[in-house]
Amino acid sequence: MTGLEPFGARLRRAMDERGPLCVGIDPHASLLAEWGLNDDVGGLERFSRTVVEAVADRVAVLKPQSAFFERFGSRGVAVLERTVQEARAAGALVLMDAKRGDIGSTMAAYAESFLHKDAPLFSDALTVSPYLGYGSLSPAVALARETGTGLFVLALTSNPEGGEVQHAVRADGRSVGATMLGHLAAENAGEEPLGSFGAVVGATLGDLSSYELDMGGPILAPGIGAQGATAADLPAVFGGAVRNVVPSVSRGVLRHGPDAVALRDAAERFADGIRTAVTTG
Ligand SMILES: O=C(O)c1cc(=O)[nH]c(=O)n1[C@@H]1O[C@H](COP(=O)(O)O)[C@@H](O)[C@H]1O
């Protein structure tokens, strides 16, 4: 299979050209209502298309959250397919937020669902959970290398419950989250300008200076906006690794819809805040 240019290189270029902001497409029932849309497939389609038309030509990454589409069954998934295709056609990289994770052979099928070039949901990258063991992800790593796509591996998540798993300390004295970052460093070794295997690290987590965040790949940083973190927090949380951070905002932007100009302005305000924080922080 002939792949695309490696995801990490494509992402680095998009971040440099457009700024690093990722906008999440999370069509919550409450947002559909706020936008004056029905909580049905028609509302879902209208919502997703509005977000894509408003920002896909200017942000580096769009991250549709699969759960909000799966809620409507096969017709919702058909909307997700169109959303991915339209976002990619407008020049955004699409990170499918489906947080897949299973034993190796099933993981291979999940990987094919999103990272095989002929898959209807083909995306530039996929969020995955390593909590069946990092090695269980190896079929997805292999397919991503082949197709020029990427993975974002949950390492230190933004939710307060994550700590009981991710901060647990192993027999070798390292935490589980730190171990995941170590696996990613090995995966990205020698990749320039940026590896294709990213970590998810919440922007809500405060000082992370005890972690090796600089693991050669991108860091997806959700938690800005509705979960309380701000762009100004990024340098303190991520230190020198901030240059590889892709800050992610869903409700903080989406609540400004349905007006496309208001959505675009909201995304631009976050992008400006990130630029200021990263250059002066
Ligand atoms: O992988 C993610 O995107 C993710 C990881 C994480 O640790 N925390 C987290 O909030 N997310 C996702 O990021 C989005 C956050 O949405 P907002 O809080 O509305 O910005 C949701 O789609 C979450 O599923």
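For the protein chain, the name recorded in an unreviewed UniProt entry is Orotidine 5'-phosphate decarboxylase, with Streptomyces edwardsiae as its organism. Word for word, the UniProt comment on the protein chain under Pathway (unreviewed entry) is "Pyrimidine metabolism; UMP biosynthesis via de novo pathway; UMP from orotate: step 2/2."

(A) Examining the environment of Val242 more closely. Inspection of the secondary structure assignment puts Val242 in the loop between helix H10 (234-238) and strand E8 (245-249). Val242 sits 65 residues away from Gly177 along the chain, and the two C-alpha atoms are 18 Å apart. Setting aside anything within four residues of it in sequence, one finds Val242 in contact with Leu234, Pro235 and Val278.

(B) Seen up close, the sheet that holds strand E4 (residues 125-128). In spatial order, the strands read E1-E2-E3-E4-E5-E6-E7-E8; together these 8 strands close into a barrel with parallel pairing. Across the sheet, the mean angle separating the axes of adjacent strands is 30° when strand polarity is ignored. Here strand E1 (residues 22-25) runs beside strand E2 (residues 61-64); their pairing, made up of 4 bridges, is parallel. Bridging from a neighbouring strand, Cys22 pairs with Val61 of E2. Together, E2, strand E3 (93-100), E4, strand E5 (150-156) and E8 form the strand contacts of helix H1 (residues 7-18), whose direction differs from that of E3 by roughly 125°. Strands E3, E4 and E5 of the sheet are contacted by helix H6 (residues 104-115), whose axis makes an angle of about 155° with E3.

(C) Inspection of empty space enclosed by the protein at higher detail. The tally for this structure, following the rule as stated, stands at 1 cavity of 30 Å³ or more. The computed volume of the largest cavity comes to approximately 40 Å³. Residue lining of the largest cavity: Glu45, Ser48, Arg49, Val79, Arg82, Thr83 and Glu86, and that is the complete set. Those elements giving two or more residues to the lining of the largest cavity turn out to be helix H3 (41-55) and helix H5 (73-89). Sort the elements by how many residues they give to the lining of the largest cavity and H5 lands first, with 4 residues.

(D) Molecular detail of the environment of Glu17. One can find Glu17 in helix H1. Residue Glu17 is classed as exposed on the basis of its relative accessible area of 63%. Sequence separation of Glu17 and Arg58 is 41 residues, and the distance between their C-alpha atoms is 9.2 Å.

(E) Structural detail: the side chain of Arg100. Among the secondary structure elements, Arg100 is positioned in strand E3. The class for Arg100 is buried, based on a relative accessible area of 17%. In contact with Arg100, other than residues within four places in its own chain, are Glu70, Met107, Tyr110, Phe114, Thr127, Val128 and Ser129.

Definitions and cut-offs
One numbering rule holds for all chains: residues counted from 1, following each sequence as written. Side-chain atom pairs in this predicted model are given and counted only at pLDDT of 80 or more, local residue features only at pLDDT of at least 70, and totals for whole chains, interfaces and linings cover all residues. Water and hydrogen atoms play no part in the side-chain values, which are based on all heavy atoms of the structure. UniProt positions are given in the numbering used here, feature names are shortened, and annotations may be inferred rather than shown by experiment. A run of H or I in DSSP counts as a helix once it spans at least four residues, and a run of E counts as a strand once it spans at least two, with each numbered from the N terminus. By definition in these notes, contact holds between two residues if any of their heavy atoms fall within 4.5 Å. Strands are treated as partners if at least two bridges between them are detected by DSSP. Working convention: axes come from line fits to C-alpha atoms, limited for helices to the stretch in contact. Angles between N-to-C directions cover 0 to 180 degrees. Cavity means a closed set of points on a 1 Å grid over the protein atoms alone, one where a 1.4 Å probe fits but cannot get out, pocket means an open set with protein on both sides within 12 Å along at least 5 of 7 lines, and lining means a residue has an atom within 4 Å of a point. Grid points are joined across faces, edges and corners, and a volume is the space filled by probe spheres set on the points. Note on classification: 1.4 Å probe, protein chains only; a residue is buried when its accessible area is under 20% of the maximum for its type, exposed when over 50%, partly exposed between these limits.

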